[in-house]
Structures are given as structure tokens and as C-alpha cells.
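Structure assessment
The primary structure of each chain is shown beneath.
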Amino acid sequence: MTQHLANIALLVGDYDEAIAWYTQVLGFTLVQDADLGDGKRWVRVAPPGATGTALLLARADTEAQRTRIGDQVGGRVGFFLHTNDFARDHAAMSERGVRFAEEPRHEAYGTVAVFVDLYGNRWDLVELNT
């Protein structure tokens, strides 16, 4: 049997705002933007070089969903962006306006720094030791 995660839903306030931030600021690729009717869209973005798994940018429609935007995992880091060149990506992301919540640090597993997306979700930028 073969399985893989295809999409991970991320609640957003506005499709176009989220697409702009994830593609222009974070540097992701817009994989798909399909109109589903009634104002709904199927929007997927992924980091450069990603194969398979993407973020599904899901516009919050209910009040309960809107209260979760930016805090889907209770304030902890919930998303992990791996890179093969931490220094390159940290510098590029910083130049494009990504807000890092801490200075890069070296851990037993690699180099890491927490950054915050446009909604307040916390992410780790990680280069694993090889």
C-alpha cells in the first residue's frame, strides 16, 4: 500500500490576499486555483520543488472558522518548512518581509527559526543536519 498527504487545509480570511502572501512573500508556487461556484475556490500552494503535498488555502466561512484563522494549533508551531539551504532562504524570506519571531538557532537536528505568516500562524524554517 502507498499513501501520502496530498493537502493540508489552512484557514485564511481571503483567497487573493493569501495567494499573494504565500507566493510573493513566502515564495511558494500557485499550484491550483479553481472556481467551485458560490464564491468558493480550490486554492493550492506549495514550496518550490515540492512533490505532492500542498497547502489548501481554505477561506473561513463560519464564525467558528474565522476565530481559528491564525491560531489553528493553539499558538504553537504547526507548520514546518524544510530547506536545503537555511541561510539562503532565511535571507530571501527576510528581504521579502517575512517576520521571524526569533533569531536562527542550532539544535541537535539542524538549524531552525520560527516565522509568522500573514495571519499569525507559527512556522519553523528548518535545515536538517545531513
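Residues numbered from 1 in each chain as written. Predicted model: local features only at pLDDT ≥ 70, side-chain atom pairs only at ≥ 80, totals over all residues. Heavy atoms only, no water.

As annotated in an unreviewed UniProt entry, the chain is VOC family protein from Agrilutibacter terrestris.

Further remarks concern the domain arrangement of the chain. Frequently, the measure chosen for interface size is the accessible area that the parts lose on association. Each assigned domain of the chain is listed with its residue range as follows: domain 1 (1-69) and domain 2 (72-129). A separation of 19 Å is found between the C-alpha centroids of domain 1 and domain 2. Taken residue by residue, the interface counts 20 residues in domain 1 and 14 residues in domain 2. Across the domain 1/domain 2 interface, buried area totals approximately 1300 Å², and carbon plus sulfur atoms make up 68% of it. Of all residues in domain 1, the largest losses of buried area upon contact with domain 2 belong to Trp21, Val25 and Leu26, amounting jointly to 37% of the total for that side. The tally of links between domain 1 and domain 2 comes to 0 salt bridges. Across the contact surface, domain 1 and domain 2 share 8 residue pairs in polar contact (both at pLDDT 80 or more). Within the residue set of the side of domain 1 that touches domain 2, elements represented by two or more residues are β1 (7-12) and α1 (15-25). (Domains from an automatic or database assignment. Contact = heavy atoms within 4.5 Å. Buried area = accessible area lost by both parts, 1.4 Å probe. Salt bridge = Lys/Arg side-chain N within 4 Å of Asp/Glu carboxyl O. Polar contact = N/O pair within 3.5 Å; in protein donor to acceptor, adjacent residues only side chain to side chain. Helix = DSSP H or I, 4+ residues; strand = E, 2+ residues; numbered from the N terminus.)

So, on to the sheet that holds strand β2 (residues 29-37). Read from one edge to the other, the open sheet built from 4 strands follows the order β1-β4-β3-β2, with strand pairing classed as mixed. If you trace the sheet from one side to the other, it starts and ends with β1 and β2, each paired once. This sheet shows a mean twist of 25° between the axes of neighbouring strands, independent of strand direction. As judged from the 7 bridges shared by β2 and strand β3 (residues 40-46), these two strands associate in the antiparallel manner. When the bridges of β3 are listed, threonine 29 appears paired with alanine 46. Here α1 sits on the sheet and contacts β1, β2, β3 and β4 (54-59); the angle it forms with β3, its principal contact strand, is near 10°. (Pairing = 2+ DSSP bridges. Axes fitted to C-alpha atoms, helices over the stretch in contact; angles between N-to-C directions.)

Structurally, aspartate 124 is set in strand β9 (residues 122-128). An unpaired buried charge is present at aspartate 124: no salt bridge exists, and arginine 105, the closest side chain of opposite charge, is 5.2 Å distant. The residues touching aspartate 124, leaving out its near neighbours within four places in the chain, are Val77, Phe79, Phe80, Leu81, Val112, Ala113, Val114 and Phe115. (Buried < 20%, exposed > 50% of the residue type's maximum accessible area, 1.4 Å probe, protein only. Lys, Arg positive; Asp, Glu negative; His and termini not counted.)

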